[in-house]
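Below, each chain spelled out in residue letters.
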Amino acid sequence: MSSRRDTLKWLVYGAALLASAGMPMLISRFMSPDVKINRIKHLRPPGAIKDEQDFIAACIGCGLCGEVCPPRCIKFHIRDGANQVNTPYINPEEKACILCNKCMEVCPTEALTETKLFDIDMGIAQIDRSACYPWVDRGICGACVGICPLGDRAIVFKEWNQYKPIVQSGCVGCGLCVEVCPHPSLPIWIVERSKGSVARHTIT
Amino acid sequence: MNKPFFLWKHLNKLRWLTLITVFAMLITIPYLHVYQTYLAAHAYDLLQPDEKQIYDTMEMLTTPFVDDPEEDLDFIKGNTWSGTFGGFQLSDPLSIVGQISASLKVYWPFILTGLLPFILTAVFGRFFCGWICPATLLYELNTNFAAILRRVGLHVGNKRYDRRLKYVVLGLGVLVSVVTGTVVFATIYPPALVGREIYYAVALGGFGSGAVFFMLTFLLDLLIARRGFCRYICPGGALYSLIGRFRLFRIKRVVESCNDCAKCTSICEFGLDPLKDSFGQECNNCTACIAICPVDAMTFYVSLQDIGPQGPGHAGPKYKRQQQELADGQSDNE
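Small disclaimer: the values here were computed from a predicted structure and weren't measured. (Residues numbered from 1 in each chain as written. Chains lettered and ligands numbered in written order. Predicted model: local features only at pLDDT ≥ 70, side-chain atom pairs only at ≥ 80, totals over all residues.)

*Asks:* Quick one: what's the story with the overall build of chain B, residue by residue and with numbers?
*Replies:* Each helix and strand in chain B was counted, giving 16 helices and five strands. The C-alpha extent of chain B, read off along each of the three principal axes, is 95 × 45 × 40 Å. The burial tally for chain B puts 40% of its 334 residues in the buried class. A fraction of 72% describes how many contacts in chain B between residues 6 or more apart in sequence connect residues 24 or more apart. (Helix = DSSP H or I, 4+ residues; strand = E, 2+ residues; numbered from the N terminus. Buried ≥ 20, exposed ≤ 12 C-beta atoms within 10 Å, placed from the backbone. Contact = placed C-beta atoms within 7 Å.)

In structure tokens:
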């Protein structure tokens, strides 16, 4: 009889131990609520593992990529993101990647692997032709073509004197064009490459 | 008399110096990075007045040491969770355990960054907790604060729990990492939190949720148990204790000169009892007990195992009474 009571006591003790051991993780999980993340505003840094789940598993949240970024474009999910908390992202609307490779070199894990410049795949730029100034004949611009670090591999004018930008397949999605676009509704954005480059015609 | 080497008594000061240096570096590195971003932007005139202040201060501090600050200041980056020092990368062993259990893959370049900490821990035991951990500095100041509160007469928690809880936290953390595929230790491990949150506050404009969690651990230490997080919950401490179980450098009590004053027991941050020779794998070689001992009865020695209980100190009243009783018993027998 007493051995049964002892077993029960140990079971209760073990359960209490397990529950109290899980508390810190539960608390930290509840402190970073799961919010809907807009992928257009949250690009992964260059060289990131393509599969989102693999990236989260590989990233240890040390913040080194952010600490070496010269334009300080790498931000972190610091107060939200559930499983993605402390993982890096780049919001090209605020500050875009300059493709300097420093974050890939410094990352201790394989989360950001060193990639050659033209093999980087953060996404591909997409232009909304119903809002872009030259495409709707509201003047000349060419800011996106002027800033592009990859030149005519990534973005070109439709005709040499028409200033209507067309994205090429060589675009790596660094987002510098998004950063410089003067249009208030930003008719250029970075989408995932697999989604293609068909404009969605959403003017906000 | 068996006197300890005179330098051991001053190791505690060196330890405080190390802790403060590490913490100061963790604050300086984000500012250096901010300075580097200003340099990279080549637009000093566009900076705000407070940003100009950061620029000027950092320029003043670094000009004697670097030629090209934009590149050369990359020499030292990161925090104690994972950092790079002159191209040599170092990572916390816990980050490696967490990452392997999250991704279920073995990535050797990353594992090798934890080799040096692993070897040092195997030799010196849980030294990281006492000598380097940036959270330790804050926690020890918190302990001193609690002592002041106690002197004023306020209630400060001093409960004791099962020390094995932290091993359960470690095991459960590995399990959660495997199931969810995230490095869950990164969000609950205080040194990682402190380093990261300082960076967030300095360079990214505000503390994250980790700072709130850290404040909760602070309150736990203050209101429930002294150094409660380190002693009962910290998964890193658990891992270091396991690695350093058969460490070489240990602290022992010289029983011949000990006078049972129990100052070592009250100073021990981890609630160990040097007076009863119970150090075990939890001792972090912080040397506070060596520094406080009034009769120089604590010393370092090299061994794979602790010496067992040695009984009361020979200079103390209890030992003398025992001897007296023994002598009396012998004389009675005669």
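Next, the rest of the story.
*Asks:* Hey, could you go over the overall build of chain A for me, with residue numbers and the actual values?
*Replies:* Within chain A one finds six helices and six strands. Taken from N to C terminus, the helices and strands of chain A fall in the order α-α-α-β-β-α-β-α-β-β-α-β. In terms of overall size, chain A is more extended than a compact globule, its C-alpha atoms giving a radius of gyration of 23 Å where 204 residues would be expected to give roughly 17 Å. Taken over the C-alpha atoms alone, chain A extends approximately 95 × 35 × 25 Å along its principal axes. (Rg over C-alpha atoms; globule rule 2.2 N^0.38 Å.)

*Asks:* Give a detailed account of the environment of Pro149(A), specifying residues and quantitative values.
*Replies:* Residue and element names in this part refer to chain A. Mapped onto the elements of the fold, proline 149 is located in the loop between helix 5 (143-147) and strand 4 (155-157). Each C-alpha atom of the pair proline 149 and cysteine 177 lies 9.6 Å from the other, and the pair is 28 residues apart in sequence. Not counting residues up to four positions away in its chain, the partners in contact with proline 149 are Leu99, Cys174 and Leu176.

*Asks:* Which residues make up the confidence of the model for chain A, and what values go with them?
*Replies:* The predicted model of chain A has a mean per-residue pLDDT of 87, with 94% of residues at 70 or higher. Across chain A, the secondary-structure element scoring lowest on mean pLDDT is helix 1 (residues 2-31) of chain A, at 87, and the one scoring highest is strand 2 (residues 88-90) of chain A, at 94. (pLDDT = per-residue confidence, 0-100.)

*Asks:* Any details on the packing of helix 8 (residues 134-152) of chain B against helix 11 (residues 209-223) of chain B? Residues and values, ideally.
*Replies:* All names here are of chain B. Close contact between helix 8 and helix 11 brings their axes to 10 Å; oriented N to C, the two are set at 35°. Helix 8 and helix 11 meet at a crossing whose hand is right-handed. Counted together, Tyr139, Asn142 and Ala146 of helix 8 and Phe218, Asp221 and Leu222 of helix 11 form the full contact between these two elements. (Axes fitted to C-alpha atoms, helices over the stretch in contact; angles between N-to-C directions. Left-handed = near helix turned anticlockwise from the far one by under 90°.)

*Asks:* Could you give me a rundown of the interface of chain B and chain A, with the residues and numbers involved?
*Replies:* Between chain B and chain A, the residue contacts involve 47 residues of the former and 37 residues of the latter. Counting only elements with at least two residues in the side of chain B that touches chain A, the list comes to helix 1 (11-41), strand 1 (76-78), strand 2 (82-85), strand 3 (88-91), helix 4 (93-103), helix 9 (165-180), helix 10 (190-203) and helix 11 of chain B. In terms of residue count, helix 9 of chain B provides more of the side of chain B that touches chain A than any other element does, seven residues in total. Residue composition of the side of chain B that touches chain A, by class: 23 nonpolar, 21 polar and three charged. (Nonpolar A, V, L, I, M, F, W, Y, C, P; charged D, E, K, R; others polar.)

*Asks:* How would you sum up the domain arrangement of chain A? Please name residues and give values.
*Replies:* Residue and element names in this part refer to chain A. Here the domain parsing of chain A yields domain 1 (52-116) and domain 2 (123-195). Here domain 1 and domain 2 have C-alpha centroids that lie 24 Å from each other. Counting residues at the interface gives seven residues for domain 1 and eight residues for domain 2. Here the residues of the side of domain 1 that touches domain 2 are counted per class, giving five nonpolar, no polar and two charged. (Domains from an automatic or database assignment.)

*Asks:* Let's hear about the sheet that holds strand 2 of chain B: which residues, and what values?
*Replies:* Residue and element names in this part refer to chain B. Judged by pairing direction, the sheet is antiparallel, and its three strands sit side by side in the order 1-2-3 without closing on themselves. The strands lining the two open edges of the sheet, one partner per strand, are strand 1 and strand 3. Between one strand and the next, the sheet's axes are offset by a mean angle of 15°, whatever the strand orientation. In this sheet, strand 2 lies alongside strand 1 in antiparallel orientation, the contact comprising three bridges. Looking at strand 2, one finds that glycine 78 is bridged to glycine 83. (Pairing = 2+ DSSP bridges.)

*Asks:* An account of the nonpolar core is requested, with residue identities and associated values reported.
*Replies:* Ranked by size, the top nonpolar core spans 117 residues in total, and within it Cys65(A), Cys103(A), Ala125(A), Cys177(A), Ile188(A) and Cys289(B) carry the most contacts. The biggest single contributor to this core is helix 1 of chain B, with eight residues. (Core = buried A, V, L, I, M, F, W, Y, C linked by C-beta atoms within 7 Å.)

*Asks:* How would you explain the domain arrangement of chain B if you had to name every residue and give the values?
*Replies:* Residue and element names in this part refer to chain B. Partitioning chain B into structural domains gives domain 1 (79-246) and domain 2 (247-317). Computed over C-alpha atoms, the centres of domain 1 and domain 2 are 25 Å apart. Listed per partner, the contact involves 20 residues of domain 1 and 13 residues of domain 2. Of all the secondary-structure elements, those providing two or more residues to the side of domain 1 that touches domain 2 are helix 6 (115-124), helix 7 (127-131), helix 8 and helix 12 (228-233).

*Asks:* So what about unusual backbone geometry? Which residues, and what values?
*Replies:* Positioned with a positive phi, Asn86(A) is a non-glycine residue whose angle comes to about 70°. The class of Asn86(A) is buried, set by 26 C-beta atoms lying within 10 Å.

*Asks:* Explain the environment of Trp10(A) residue by residue, including any values.
*Replies:* When you line up the elements, Trp10(A) lands in helix 1. Along the chain, Trp10(A) and Pro24(A) lie 14 residues apart, while their C-alpha atoms are 23 Å from each other.

*Asks:* Which residues make up the environment of Gly173(B), and what values do they have?
*Replies:* With respect to the helices, strands and loops of the structure, Gly173(B) is situated in helix 9. Spatially, the C-alpha atom of Gly173(B) lies 59 Å from that of Gln330(B), the residues being 157 residues apart in sequence. With near-sequence residues (within four places) excluded, Gly173(B) lies in contact with Met25(A), Val184(B), Phe185(B) and Pro235(B).

*Asks:* Outline the confidence of the model for chain B, listing residues and values.
*Replies:* Close reading of the predicted structure is inappropriate where its pLDDT is low. Across chain B, the average pLDDT comes to 89, with 99% of residues at 70 or higher. The complex prediction reports pTM at 0.90, with the ipTM value standing at 0.88.

*Asks:* Lay out the pairing of strand 2 of chain B in plain terms, naming residues and giving numbers.
*Replies:* Side-chain positions along a regular strand alternate between the two faces of the sheet. All names here are of chain B. The turn linking strand 1 back onto strand 2 is made up of three residues. Pairing between strand 2 and strand 3: four bridges, direction antiparallel. Across the sheet, the residue bridging to threonine 84 is glutamine 89, located in strand 3. In sequence, strand 2 turns back onto strand 3 through a hairpin of two residues, with glycine 86 there showing a positive phi of about 60°.

*Asks:* Give a detailed account of helix 10 of chain B, specifying residues and quantitative values.
*Replies:* Residue and element names in this part refer to chain B. Over its 14 residues, helix 10 runs 20 Å from end to end, which matches the ideal 20 Å to within 8%, given 1.5 Å per residue. Burial of helix 10 is extensive: 12 of the 14 residues sit out of reach of the surface. Restricting attention to buried positions, one finds in helix 10 the residues Pro190, Pro191, Ala192, Leu193, Val194, Gly195, Arg196, Glu197, Ile198, Tyr199, Tyr200 and Ala203. The first or second residue beyond helix 10 is glycine 205, which carries a positive phi of 80°. (Expected span 1.5 Å × (residues − 1).)

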